[in-house]
Amino acid sequence: MTRVIQWATGVTGTMSLRHVIGREDLDLVGVRVYDPAKSGVDAGRLCGLPATGVTATDDREALLALDADVVLYMGKVETDTPGCFADVCDLLASGKNVITTGSRFIHPRSLDSSLADGIESACRKGRSAFLGLGLYPGFIGESLGPILSRLTQRTGRIDVREVLNYSTYASHDLIFNAMGFGFPPDDTTPLLTNTEYAAGAWIGSATVLAQALGLQIRSVRGYREVATTPRALTVAAGEIPAGTVAAMRFGVVADCGPVTLSVEHLTRMADDLAPDWPTDIGYEVTFVGEPNLRFHLVIGSDDEDHAKQGCLATAMHAINAIPAVLDADPGLYDLSTIGPFVAHWTQRS
């Protein structure tokens, strides 16, 4: 049995927790929460399951001292990058392997070399392994891009794009404080209004894709564009007043010499906003070359909530990576360097 700590119980973390509890090959030994109201609550109750006997805690030090094989770390790295990297380094140094979700964990060295140095040092101290992944970023470009490249004779450009409606996504912190929905378009308060910071969400994805294809990134340009709503909107995360940001697209364009890589996220709070932007919901990878390729993936394809199903896919990508990370030598890994892995559909009877 693999002993697991679930770190954070937001939307994705709660889905991960529910699945870990249901697996016969995983043993939940700890749950980290940030809301004091959740501390002391049984893990099963937090995710709508029967009691497990494992109590959630907001005591960081208690979890660091806990004996576990792997931590599924799903903290708010987009809004607290230093704090989350400190958590991860302390967990790794304590001897626990760590699998993380969140854009800034996809390829730490491309974000900040000192962050990567800290992780590598912690891995050496704890003889542990680290892997950052997700869905977008953390799978679409990094995993599908290299596979699709097998079909090409040559290419001059690869575009990776996510198009979603986030009106059902309930994280107020991410939607408003980080992304900037509901703010005037010239308000620089939200984190992602800083173009350099916004680019940091995607540079890791572009770097892992470049590594997998044997390309060297020469330069990177980040960008962010927004569109406002002509009417007030009520969405799962809160209220978006008329005249404020209700659609945005941001990403990076990486110059790799003969090949240009583009990684972009495009989000609306209503389907009719920004009609001149791409509108097909889902994930797309295109190659411009010989032959031209266009691959389109929809997660939640049977009229399901795309945002919610995307969170489930993110959780499962982390859980299904557990065997590969446990088998890896100590060190910092990404999706171009970790060993291959597939799903393991083992549920309790």
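Model, not experiment: these values are computed from the prediction. Residue indices begin from 1 for each chain and proceed along its sequence in written order. Only residues with pLDDT of 70 or above have their local features reported here, since the model is predicted, and side-chain atom pairs are shown and tallied only from 80 upward, although totals for entire chains, interfaces and linings are computed over all residues. Excluding hydrogens and water, the side-chain figures rest on all heavy atoms present in the structure.

Things to note about the UniProt feature "domain: 2,4-diaminopentanoate dehydrogenase C-terminal" (unreviewed entry) in the protein
Logical step 1: Per the UniProt record, "domain: 2,4-diaminopentanoate dehydrogenase C-terminal" (unreviewed entry) is found at residues 202-336.
Logical step 2: Between the C-alpha atoms that bound residues 202-336 the distance is 16 Å, and the span itself is 24% helix and 41% strand. UniProt positions are given in the numbering used here, feature names are shortened, and annotations may be inferred rather than shown by experiment. A helix here means a DSSP run of H or I that spans at least four residues, while a strand means a run of E at least two residues long, and both kinds are numbered starting from the N terminus.

Topic: the packing of aromatic side chains
What describes a pair of aromatic rings is the distance from one ring centre to the other and the angle between the planes of the rings.
Logical step 1: Stacked, tilted and edge-to-face pairs are distinguished by plane angle, under 30 degrees for stacked and over 60 for edge-to-face with tilted covering the rest, among Phe, Tyr and Trp rings (Trp via its six-membered ring) whose centres lie within 6.5 Å. Taken as a whole and assessed by the stated rule, the structure comprises eight aromatic pairs.
Logical step 2: Between Phe-105 and Phe-130, the aromatic rings sit 6.0 Å apart at their centres with planes inclined by 65 degrees, giving edge-to-face as the arrangement. Residue Phe-105 is located in the loop between strand S4 (97-101) and helix H5 (108-111), and its partner Phe-130 is located in strand S5 (residues 129-133); the two are separated by 25 residues in the primary sequence. The burial state of Phe-105 is the same as that of Phe-130; both residues are buried.
Logical step 3: Relative to Tyr-283, the ring of Tyr-136 has its centre 5.9 Å away and its plane inclined at 45 degrees; by these criteria the two rings are tilted. With Tyr-136 in the loop between S5 and helix H7 (140-149) and Tyr-283 in strand S12 (residues 282-290), the pair connects residues that are 147 residues apart, well separated along the chain.
Logical step 4: Residue Tyr-136 is classed as buried on the basis of its relative accessible area of 10%.
Logical step 5: For every residue, the accessible area obtained with a 1.4 Å probe (protein chains only) is divided by the maximum for its type, and the residue is called buried under 20%, exposed over 50%, and partly exposed between those limits. Judged by its relative accessible area of 3%, Tyr-283 falls in the buried class.
Logical step 6: Clustering of aromatic rings is evident, with ring pairs tying together Trp-7, Tyr-73, Phe-85, Phe-105 and Phe-130.

As for the pairing of strand S1 (residues 2-7)
Logical step 1: Most of S1 sits inside the fold, with five of its six residues counted as buried.
Logical step 2: Bridge count for S1 against strand S2 (residues 26-32) is six bridges, and the pairing is parallel. Bridge pairing in S2 links Thr-2 to Leu-26.
Logical step 3: Any two strands are treated as partners once DSSP identifies two or more bridges connecting them. Here S1 pairs with strand S3 (residues 70-73) via four bridges, running parallel. Its bridge partner being in S3, Trp-7 is matched across the sheet by Tyr-73.

Description of the packing of H7 against helix H10 (residues 203-213)
Logical step 1: Angular values range over 0 to 180 degrees, each being the angle between N-to-C directions of two axes fitted as lines to C-alpha atoms, with helices fitted over their stretch in contact. Contact geometry for H7 and H10: axes closest at 9 Å, N-to-C directions at 30 degrees. By the criterion of interaxial angle, the relationship of H7 to H10 is roughly parallel. Relative to H10, the crossing made by H7 is right-handed. Contacts from Gly-141, Glu-142, Gly-145, Pro-146 and Ser-149 in H7 reach Ser-205, Val-208, Leu-209, Ala-212 and Leu-213 in H10. For classification, angles of less than 35 degrees are called roughly parallel, those exceeding 145 degrees roughly antiparallel, those between 65 and 115 degrees roughly perpendicular, and all remaining angles oblique. Handedness of a crossing is defined here by the sense of rotation of the near helix relative to the far one, left-handed for an anticlockwise turn of less than a right angle and right-handed for a clockwise turn. In what follows, a contact means two residues having at least one pair of non-hydrogen atoms within 4.5 Å.

Description of the layout of surface pockets
Logical step 1: Each pocket or cavity is described by its volume, and for the largest pocket that value is around 1200 Å³.
Logical step 2: The way it works is a 1 Å grid over only the protein atoms, where trapped points that fit a 1.4 Å probe form a cavity and open points with protein on both sides within 12 Å along at least five of seven lines form a pocket, and then any residue with an atom within 4 Å of a point lines it. Taken together, 48 residues form the lining of the largest pocket, with Thr-12, Glu-78, Tyr-169, Ser-171 and Leu-174 sitting closest to its centre.
Logical step 3: Breaking the lining of the largest pocket down by element, the ones donating at least two residues are helix H1 (11-22), strand S6 (154-165), helix H8 (172-178) and helix H11 (306-320).
Logical step 4: Sort the elements by how many residues they give to the lining of the largest pocket and H11 lands first, with five residues.
Logical step 5: Among the residues making up the lining of the largest pocket, the classes are represented as 25 nonpolar, 16 polar and seven charged.
Logical step 6: Grid points are joined across faces, edges and corners, and a volume is the space filled by probe spheres set on the points. By volume, the second largest pocket amounts to about 550 Å³.
Logical step 7: As for the second largest pocket, its lining consists of 24 residues, of which Phe-139, Ser-143, His-317, Leu-335 and Phe-341 are closest to the centre.
Logical step 8: Residue assignment for the lining of the second largest pocket shows that the elements contributing at least two residues are H7 and H11.
Logical step 9: Residue composition of the lining of the second largest pocket, by class: 15 nonpolar, seven polar and two charged. Side-chain classes follow a simple rule in which Ala, Val, Leu, Ile, Met, Phe, Trp, Tyr, Cys and Pro form the nonpolar group, Asp, Glu, Lys and Arg form the charged group, and the remainder, Gly included, forms the polar group.

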